[in-house]
Amino acid sequence: MVEAILFASAEPVTVADLNKRMPHGCDAAEALAYLRKRYEGRGVRVVRVGDAWAFRTAPDLSFLMQQERIETRKLSRAAIETLAIIAYHQPATRAEIEEIRGVTVSRGTIDQLLEMEWIRFGRRRMTPGRPVTFVVTQQFLDHFGLESARDLPGLAELRAAGLLDSRMLGVGNMPMPNSGDDDEDDVLGQSELFED
């Protein structure tokens, strides 16, 4: 049943959603563990995307699925910078994004990223003014093939790929998601500074 639901779903499905659809007494988490082992080494795999699960093509066969097409919608440089800041510094407020970028963030940039469903509103920070925060979504993780924001490339990986040089960014300005042993709540910003 879990296999059928994942196969038919266009979006990744959470364990809670799987349990709701299955008969009483069935354990979706156990079924997922079984399916992961069963599909190991095959053309498709059961993979975790954020807190949900989906079928995806095995990485070694991804070249078969590549299709060249003209991208009709490109992100502006401001949108890319804003998205990167949110991804690496989440949860981030508008003021924090503006401080890091050094310029004001236009409403249109945030609206575009919200419309694409790559970012969403996070918890309000429990500081004066109670500013809203922004975090990346499962659609963002799914688009870039990430299990969580901790899987974002670090400085060394970005430099090795030629995407970053020392003139572009001070080393101390961007904390890397893989850099510490923080628990999940700290990474998602769910601390006493935020409202539920």
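See above for the structure.
What counts, and at which threshold
Each chain carries its own residue numbering, running from 1 in the direction its sequence is written. Since the coordinates come from a predicted model, pLDDT governs what is reported: local features require at least 70, and pairs of side-chain atoms require 80 or more to be given and counted, while whole-chain, interface and lining totals use all residues. Values reported for side chains reflect all heavy atoms of the structure, with hydrogen atoms and water molecules removed beforehand. Runs of H or I in DSSP of at least four residues are treated as helices and runs of E of at least two as strands, each being numbered from the N terminus. Pairing of N or O atoms within 3.5 Å defines a polar contact, subject to two protein rules: one partner must be a possible hydrogen donor and the other a possible acceptor, and residues neighboring in sequence count only if both atoms are side-chain atoms. Whether two strands pair comes down to DSSP finding at least two bridges between them. In this description, contact between two residues means that some pair of their heavy atoms is separated by no more than 4.5 Å. Under this scheme, a helix contributes an axis fitted over its contacting stretch, all axes are lines through C-alpha atoms, and angles between N-to-C directions fall in the 0 to 180 degree range. Note that patches include only residues with greater than 30% relative accessible area and no salt bridge, and the join distances are 9 Å for like charges and 5 Å for nonpolar side chains (Val, Leu, Ile, Met, Phe, Trp, Tyr). Shrake-Rupley sampling with a 1.4 Å probe provides the accessible areas, and residues are treated as covered by the protein chains on show and by no other component. Salt bridges are identified by distance alone: a Lys or Arg side-chain nitrogen within 4 Å of an Asp or Glu carboxyl oxygen. Only Phe, Tyr and Trp rings take part, Trp by its six-membered ring, and two of them pair if their centres are within 6.5 Å. Stacked means planes under 30 degrees apart, edge-to-face means over 60, and tilted covers everything else. Here the term buried applies to any residue with accessible area under 20% of the maximum for its type, exposed to any over 50%, and partly exposed to those in between, with areas from a 1.4 Å probe on protein chains only.

## Considerations on the side chain of arginine 125
No. 1: Relative to the assigned elements, arginine 125 resides in the loop between β5 (119–124) and β6 (132–136).
No. 2: In this structure the side chain of arginine 125 is engaged in a polar contact, spanning 2.3 Å, whose partner is the side chain of glutamate 96.

## What to know about the pairing of strand β2 (residues 44–49)
Looking along a regular strand, one sees side chains alternate from face to face of the sheet.
No. 1: Examined bridge by bridge, β2 and strand β3 (residues 52–57) share 6 bridges and lie antiparallel to one another. Counterpart to arginine 48 in the pairing with β3 is tryptophan 53.
No. 2: Remark: 2 residues form the turn of the hairpin made by β2 and β3, two consecutive strands paired antiparallel; glycine 50 in that turn has positive phi of roughly 65 degrees.

## Some details on the sheet that holds strand β1 (residues 13–14)
No. 1: What the 3 strands build is an open sheet, ordered β1-β3-β2; its pairing is antiparallel. Pairing within the sheet leaves two strands with one partner each, and these edge strands are β1 and β2.

## Quick notes on the sheet that holds β5
No. 1: Spatially, the 3 strands line up as an open sheet ordered β4-β6-β5, and their pairing is antiparallel. A single partner strand is all that each edge strand has here, and the edge strands are β4 (92–93) and β5.
No. 2: Where β5 meets β6, 4 bridges bridge the pair, whose relative direction is antiparallel. Across the sheet, arginine 120 pairs through a bridge with valine 135, a residue of β6.
No. 3: Across the face of the sheet, helix α4 (residues 77–89) comes into contact with β4, β5 and β6 while running at roughly 90 degrees to β6.

## So, a nonpolar patch on the surface
No. 1: Nonpolar side chains collect at one region of the surface, where Phe63, Leu64 and Met65 lie side by side and expose about 360 Å² of accessible area between them.
No. 2: Examined against the element boundaries, leucine 64 turns out to sit in the loop between β3 and α4.

## Concerning the packing of aromatic side chains
Between two aromatic rings, the relevant description is the distance of the centres plus the angle of the planes.
No. 1: Under the counting rule described, the total for this entry stands at 5 aromatic pairs.
No. 2: Judged by centre distance (5.5 Å) and plane angle (40 degrees), the ring pair of phenylalanine 121 and phenylalanine 134 falls under tilted. Within this pair, whereas phenylalanine 121 is found in strand β5, its partner phenylalanine 134 is found in strand β6, the two being separated by 13 residues in sequence.
No. 3: Relative accessible area serves as the criterion here: at 3%, phenylalanine 134 is assigned to the buried category.
No. 4: The interplanar angle of 55 degrees and the centroid separation of 5.0 Å between the aromatic rings of phenylalanine 140 and phenylalanine 144 together place this pair among those described as tilted.
No. 5: Take phenylalanine 140: its relative accessible area is 5%, and that puts it in the buried class.
No. 6: Ring-pair connections join several aromatic residues into one group, and the members of that group are Trp118, Phe140 and Phe144.

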